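The chain contents come next:
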Amino acid sequence: IRWRNKRKLRLFIEAIWYIVRSGCQWRLLPSSYGSWRAIHARFQCWSRKGVWQELFQSLQLNPDLEATMIDSTIVRAHACSAGYYKGSQDQEALGRSKGGFTTKIHALVDALGNPLKFILTPGQRNDITQAENLTKDITNTTVIADKGYDANHLIDSLKIQQCKAVIPPKKNRKNPRDYDTHIYKERHLIECFFGKIKHFRRIFSRFDKSSSIFLSFLNFAAALIWLR
């Protein structure tokens, strides 16, 4: 990122923090931050260039990979998030579930509950569909997940990556697997992480038509968690 004026850059970042934290519309951004149109345009530009994702990844300096956890959470999508273009709901990670119009956030966190990776899907997608994508880059660690991730193909994939799966078996398994119940207690950390990001109103409810913009807000909120 190049900048000429550090004060203006700081003011821009503070404006984005205000939007993420309060969940307000762009046009309701206080004038003390500058022109909302200019801030919105700059945010979109950084999103297209992947700056927010790079910021999030650059802060993952020393993740605790003794264990990792995967899970997902659903966020309600406001009616204004629909209509990016006709037939784009699946592409923009919007769908119908029991909660109504929703987006599902699939996340990977480290042993301390710090975020490492996100994937967005429509709200009705099963958790297991994104499990291998979340875990494909990790090796020699313990992967903790709930019974929604109990699938033979995932267990086999983790074994190939030399990972230990701590996933309780489903009730309908003919031959239930054993798992470490003591380690499984640590899974609450990913639930705590979801609780943290939902303090940011722009994450708690989705107002953005584009999934890339919503993901940029998510990356920014995750970067703030790493800075705590």
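No experiment lies behind these values; they were computed from the predicted model shown.

(A) Just helix α7 (residues 188–197), in detail. Of the residues making up α7, those classed as buried are L189, I190, F193, F194 and I197. Summarising the axial view, the buried residues of α7 lie within an arc of 145 degrees, below the 170-degree limit, and thus occupy one face.

(B) Representation of a positive patch on the surface within the structure. Where like charges cluster on the molecular surface, the positive patch consists of R21, K196, R201 and R228. Examined against the element boundaries, K196 turns out to sit in helix α7.

(C) Local environment of the pattern of salt bridges. Enumeration over the complete set of coordinates arrives at eleven salt bridges. For D71, the salt bridge goes to R187, with nearest N and O atoms at 2.8 Å. Pair noted here: D71 is in strand β1 (residues 67–77) and R187 is in the loop between α6 (181–184) and α7, with a separation of 116 residues, a long-range link. Side by side, D71 and R187 carry an identical accessibility label, which is buried. Taking the shortest distance from any N to any O, the salt bridge between R177 and D150 comes out at 2.9 Å. With R177 in the loop between β6 (164–166) and α6 and D150 in the loop between β5 (142–144) and α5 (152–160), the pair connects residues that are 27 residues apart, well separated along the chain.

(D) Quick look at the pairing of β1. Burial of β1 is extensive: nine of the eleven residues sit out of reach of the surface. Note: β1 against β5, three bridges, orientation parallel. Directly across from T68, in β5, lies its bridge partner V143. Inspection of the sheet shows β1 paired to strand β3 (residues 100–110) by nine bridges, in the antiparallel sense. Each bridged residue has a counterpart across the sheet, and for D71 the counterpart in β3 is A107.

Conventions we followed
- Residues numbered from 1 in each chain as written.
- Predicted model: local features only at pLDDT ≥ 70, side-chain atom pairs only at ≥ 80, totals over all residues.
- Heavy atoms only, no water.
- Buried < 20%, exposed > 50% of the residue type's maximum accessible area, 1.4 Å probe, protein only.
- Helix = DSSP H or I, 4+ residues; strand = E, 2+ residues; numbered from the N terminus.
- Arc of directions from axis to C-beta.
- Patch = residues over 30% accessible without salt bridge, like charges linked within 9 Å, V, L, I, M, F, W, Y side chains within 5 Å.
- Areas by Shrake-Rupley, 256 points an atom, 1.4 Å probe, with all protein chains shown as cover.
- Salt bridge = Lys/Arg side-chain N within 4 Å of Asp/Glu carboxyl O.
- Lys, Arg positive; Asp, Glu negative; His and termini not counted.
- Charge placed at Lys NZ, Arg CZ, Asp CG, Glu CD.
- Pairing = 2+ DSSP bridges.

All we've got here are geometric facts, nothing functional implied.
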